[in-house]
Amino acid sequence: MKIFPLLTILIVVYLPFVYSYEVNPLNNATVHQYITNESILIWKLIPFEIKNHAKNPITNELDSNYDVGNDIVSGSGEEDRQPDTVSAAFTNHFWQPDDPDTLTNGTGDYNDGLAFGDSSFFKAKNIWLMEVIPNYLKGNINESYYHLGRVAHLLEDASQPSHVHLDPHLGHPLGCVGNLDCDDSFLEEFTAQQNYFADTQNRMNVEHYAGETYENKTYKYENLISGFNWSNVDATYPDSYGSIIPLFRLMWYTAQKTQYYASDDNDENSVYYDLDGVQHNFPSSLWQGDGVTIVSDNAAFENEDYYFSANNEGSTCTAQGFDVCPGPTCYLCNNNTGPDIEKETNATIPHSMKSVAGLYRLFWDAVQIDWKFNHHDVRNTGYTLLKGDITANSKNKAWNYSSAPSTDFWDETAIAEIDNDVDDGQEIIVATSNSDYTDGRVYALDGDTNNVLWSNDEPTASEPPSVDDVDGDGTKEVIVGSHDLYLYNINSKNGTKNWRYLINNQTGVIGPYRSTIFDINNDGSKEIVFGEAGQTGAYNGHVVALNSNGNQVWNSSSTEVQGFQNLPAIADLNGDGYPEVVITGNGMVVVYNGTNGVELWRKHMANTYANPVVADLDNDNDYEVIVGNFEVVKNGF
Amino acid sequence: MKKKMLLILITNIIIFLILYFYIFWIKSPFIAEITQDRPIIKALCNMQVACHSGTGPYTCREDPKSDSFKRLSRWDGFKGCNNLTIGYQKDDGRIILEYCGCGGWM
């Protein structure tokens, strides 16, 4: 009972103390969400799926865990609410990238955070490894994107000088206890304040910076610093999923570039340290060409950064109701606003957005780990970040599958995570056919042991399989065209048939060919796209799009003699936000509208045979279509 | 007796600090609460570590299940997500008002 009178006294004493602690109108809960949201607009070729997972409105309705409906924007806001963040007093949101070797984990761990906290890189790496990638592979797509937002938050922190100079900024009187630093961050306060710019009336100052202004300035993880020898600084963690080192490089580059700017209490630092602890200068300023003014000395902010003072030092100081300063009276001076803070904001906010756009790009490459289609992905690039165990000295065969019937002449594979056990590696899905296309099967093998997980011999003479979670139920489906004229949908967990679709059965028909799976009409659900193939000129084939139930979404507006004996590629070629379907036919490339199957254009090319590939070959942020053909020469092709 | 009083005082301070950190740091019960015209809530908001009461755009949703609606309902100035509520912005459906924002760009 004696506690309560004392508590009352303490609260009464404390109330005026906190009540008087008011800096300026602040809306600092949503700056992260704003940056996360605007970053979507920077990478011009960003897949619709990512955009579709960054649609939530910026909100102050935040909690500390994933909820149904959360997306990237939610995750970036809620990283500040995570229990480990709060209980660690935000110390795990800081990183000194010039300290590759911390005592706890050894050389190259880059785990130097504030006080005893882990570094923000260490935390981002763990979220990436434990949440972002595994959830995506298991089909928990929404959760994966939520956690991607949390990584985006940490990357945004790496673009804030205080966070990479290990300059704490609790901004709360509690932090003043024992003369500790109770300062806030002028950058965080300024960006959350309103009305500094003409276009931020009643809006946060950060809203002055629109993502579309920086379109195509995405930081590309594979080309961050021209000619730089990354092996001298790379973190020493295993490159799990092929994307830990790219993630490190993106975050390290972001943090190093940020360090050129001073924070409230620390001056700039434009050098870096290699794994041996040797200091180096960058070949040229990381800000070269950005057109920004670097503020390297924290003294520049003297008249702008707010601080508590015992004296009324000028007109910008206002008396406070409670004495938190040494001396008889306390004044709060400056307003966290002014031209030098503006200069720093002009650099760091766009820097943050470009970096997060680079994270989205890395994410997209990183989650394409499954070799889902005959040429890996929907653009047929055959590009994957995932590296296998094979080395220059590897020569021993791990295993070969020898239980298939000897009549299985053709076999094609896809590689995918289908048992939702990410730890045991991926599985192999094989479709086979005998030499005269009258018999075959589809089966799945354990990638480590070659054990047969299931087999389905209903499809005969199967074309290469495709594997993806078409209906979004968390279980992937195997889609395979068969020469019995059906396109089969098979449950990847147990090998049972879900449905089959009969193609247009005309004279000379072969069957449905290779399929691609993608949301081709931006309706939020995936469709299956494939070509009908024929043997002779008597057969005219369409390109067909099916929904996840096997119902036709569209039949292409035009047909091709002998149909389409290739794998479609899908990409937004014209930048209208909607995908197009690219496919090669008999001597031509044809492009269809992904929403309705209407032909947009075609290009005649003699002897076209190969699957089309879509890629940004010249880095101009527009796609090119690459098609191989063959020329008949004497005695061969 | 004096020693006993000192012990009680120290114990009380420790309990207070533990309670303070638990309530105002770990639990953070006043995040996004409306502080406009509510001085007690405003004071409690500012007692939370890393929280400031400040003016800014506040999510307005007329969904009784939403947290923002529950909070708005407790504020006398709320007349619905429309122009009757002072500070309502038609273009983004948010209200400019004073509320408890936490975390910042931390």
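Residues numbered from 1 in each chain as written. Chains lettered and ligands numbered in written order. Predicted model: local features only at pLDDT ≥ 70, side-chain atom pairs only at ≥ 80, totals over all residues. Heavy atoms only, no water.

Caption draft 1: Spotlight on the overall build of chain B. Helix and strand content of chain B: three helices and three strands. For chain B, whose C-alpha radius of gyration is 18 Å, the value lies well above the compact-globule estimate of 13 Å for 106 residues. Considered along the principal axes of its C-alpha atoms, chain B spans approximately 65 × 30 × 25 Å. When each of the 106 residues of chain B is scored for burial, the buried share is 52%. In chain B, 56% of the contacts between residues at least 6 apart in sequence involve partners at least 24 apart. Counting every atom, chain B has about 5,500 Å² of accessible surface; 65% of that belongs to carbon and sulfur. (Helix = DSSP H or I, 4+ residues; strand = E, 2+ residues; numbered from the N terminus. Rg over C-alpha atoms; globule rule 2.2 N^0.38 Å. Buried < 20%, exposed > 50% of the residue type's maximum accessible area, 1.4 Å probe, protein only. Contact = heavy atoms within 4.5 Å. Areas by Shrake-Rupley, 256 points an atom, 1.4 Å probe, with all protein chains shown as cover.)

Caption draft 2: Inspection of the sheet that holds strand β22 (residues 588-593) of chain A at higher detail. Residues and elements named next belong to chain A. Ordered by their spatial adjacency, four strands build an open sheet running β20-β21-β22-β23, and the pairing between neighbours is antiparallel. What marks the edges here is a single partner per strand, and that holds for β20 (569-571) and β23 (599-604). Averaged over neighbouring strand pairs, the angle between their axes works out to 20° when direction is ignored. Where strand β21 (residues 580-584) meets β22, five bridges bridge the pair, whose relative direction is antiparallel. Bridge assignment links E580 to a residue of β22, and that residue is N593. (Pairing = 2+ DSSP bridges. Axes fitted to C-alpha atoms, helices over the stretch in contact; angles between N-to-C directions.)

Caption draft 3: Local environment of the sheet that holds strand β9 (residues 452-456) of chain A. Residues and elements named next belong to chain A. Spatially, β6-β7-β8-β9 is the arrangement adopted by the four strands of the open sheet, whose pairing is antiparallel. The strands lining the two open edges of the sheet, one partner per strand, are β6 (410-416) and β9. Averaged over all pairs of adjacent strands, the angle between strand axes in this sheet comes to 20°, irrespective of strand direction. Relative to strand β8 (residues 442-446), strand β7 (residues 427-433) is paired through five bridges, and the arrangement is antiparallel. Following the sheet pairing, V430 is matched in β8 by Y443.

Caption draft 4: The arrangement of the confidence of the model for chain B in detail. Of the residues in chain B, 96% reach a pLDDT of 70 or more, and the chain-wide mean stands at 87. Listed scores for the predicted complex are pTM 0.88 and ipTM 0.84. (pLDDT = per-residue confidence, 0-100.)

Caption draft 5: How the structure looks around the nonpolar core. All names here are of chain A. Within the largest apolar cluster, 92 residues are counted, with the highest numbers of intra-cluster contacts made by I50, W128 and W252. Here this core gets 12 residues from one element, more than from any other, and that element is helix α11 (residues 339-366). Excluding its chain neighbours within four sequence positions, the residues that come into contact with I50 are I40, W43, I72, Y145, Y360, F363 and W364. Judged by nonpolar contacts, the second largest core, of 30 residues, contains I520, W554, F564 and I570. (Core = buried A, V, L, I, M, F, W, Y, C linked by side-chain atoms within 4.5 Å.)

Caption draft 6: Fine view of the state of the cysteines. All names here are of chain B. Applying the stated rule across the entire model yields two disulfides over all chains. Shown here is the disulfide that connects C45 with C100, its sulfur atoms set 2.0 Å apart. Note on the C45 and C100 pair: the S-S dihedral is about 90°, so by sign convention the disulfide is right-handed. Linking C45 in helix α2 (residues 39-47) with C100 in strand β3 (residues 94-102), this pair joins segments that are 55 residues apart in sequence. Side by side, C45 and C100 carry an identical accessibility label, which is buried. The partner cysteine of C60 in its disulfide is C81, sulfur to sulfur 2.0 Å. Since a negative S-S torsion denotes a left-handed disulfide, the C60-C81 link at about -100° is left-handed. (Disulfide = S-S within 2.5 Å.)

Caption draft 7: Molecular detail of the packing of helix α10 (residues 244-258) of chain A against α11(A). Residues and elements named next belong to chain A. As a packed pair, α10 and α11 sit with axes 10 Å apart at the nearest point and diverge in direction by 175°. Judged by the inter-axis angle, α10 sits roughly antiparallel to α11. Here P246, L247, L250, T254, K257 and T258 of α10 come into contact with α11, specifically with H351, S355, G358, L359 and L362. Taken together, the residues of the contact of α10 with α11 sort by class into five nonpolar, five polar and one charged. (Parallel < 35°, antiparallel > 145°, perpendicular 65-115°, else oblique. Nonpolar A, V, L, I, M, F, W, Y, C, P; charged D, E, K, R; others polar.)

Caption draft 8: Here's a closer look at the side chain of D408(A). Residue and element names in this part refer to chain A. With respect to the helices and strands, the residue D408 is situated in the loop between α11 and β6. Classification of D408 as buried rests on a relative accessible area of 14%. At a separation of 3.0 Å, a polar atom in the side chain of D408 contacts the side chain of T432. A polar contact is formed between the side chain of D408 and the side chain of R441, at a distance of 2.9 Å. (Polar contact = N/O pair within 3.5 Å; in protein donor to acceptor, adjacent residues only side chain to side chain.)

Caption draft 9: Quick look at the packing of aromatic side chains. Residues and elements named next belong to chain A. All chains considered together, the criterion is met by 39 aromatic pairs over all chains. Arranged with centres 6.1 Å apart and planes meeting at 80°, the rings of W95 and Y110 form a pair that is edge-to-face. Of this pair, W95 sits in the loop between α5 (83-87) and α6 (120-138) while Y110 sits in the loop between α5 and α6, placing them 15 residues apart in sequence. Taking the relative accessible area as the measure of exposure, W95 reaches 0% and is therefore buried. Note on F121 and F248: the rings are 5.3 Å apart at their centroids and 75° apart in plane angle, and the pair reads as edge-to-face. In this pair, F121 is assigned in helix α6 and F248 in helix α10, connecting sequence segments 127 residues apart. For the pair formed by F121 and F248, the shared burial category is buried. Taken together through their ring pairs, the aromatic side chains of W95, Y110, F121, F122, F228, W230, Y237, F248, W252, Y272 and F282 make up a single cluster. Stacked on the ring of Y237, the Lys or Arg K125 has its end atom at 4.3 Å from the ring centre. (Phe/Tyr/Trp six-rings, centres within 6.5 Å; stacked < 30°, edge-to-face > 60°. Lys NZ or Arg CZ within 6 Å of the ring centre and 35° of its normal.)

Caption draft 10: Broad picture of the packing of helix α2 (residues 31-39) of chain A against α11(A). Residues and elements named next belong to chain A. Between α2 and α11, the least distance of the axes is 8 Å, while the angle of their chain directions is 60°. Here α2 lies oblique to α11, going by the angle between them. Crossing hand, α2 versus α11: right-handed. On α11, the residues touching Y34, I35, T36, E38 and S39 of α2 are I349, S352, M353, V356, A357 and Y360. For the contact of α2 with α11, a count of residues per class yields seven nonpolar, three polar and one charged. (Left-handed = near helix turned anticlockwise from the far one by under 90°.)

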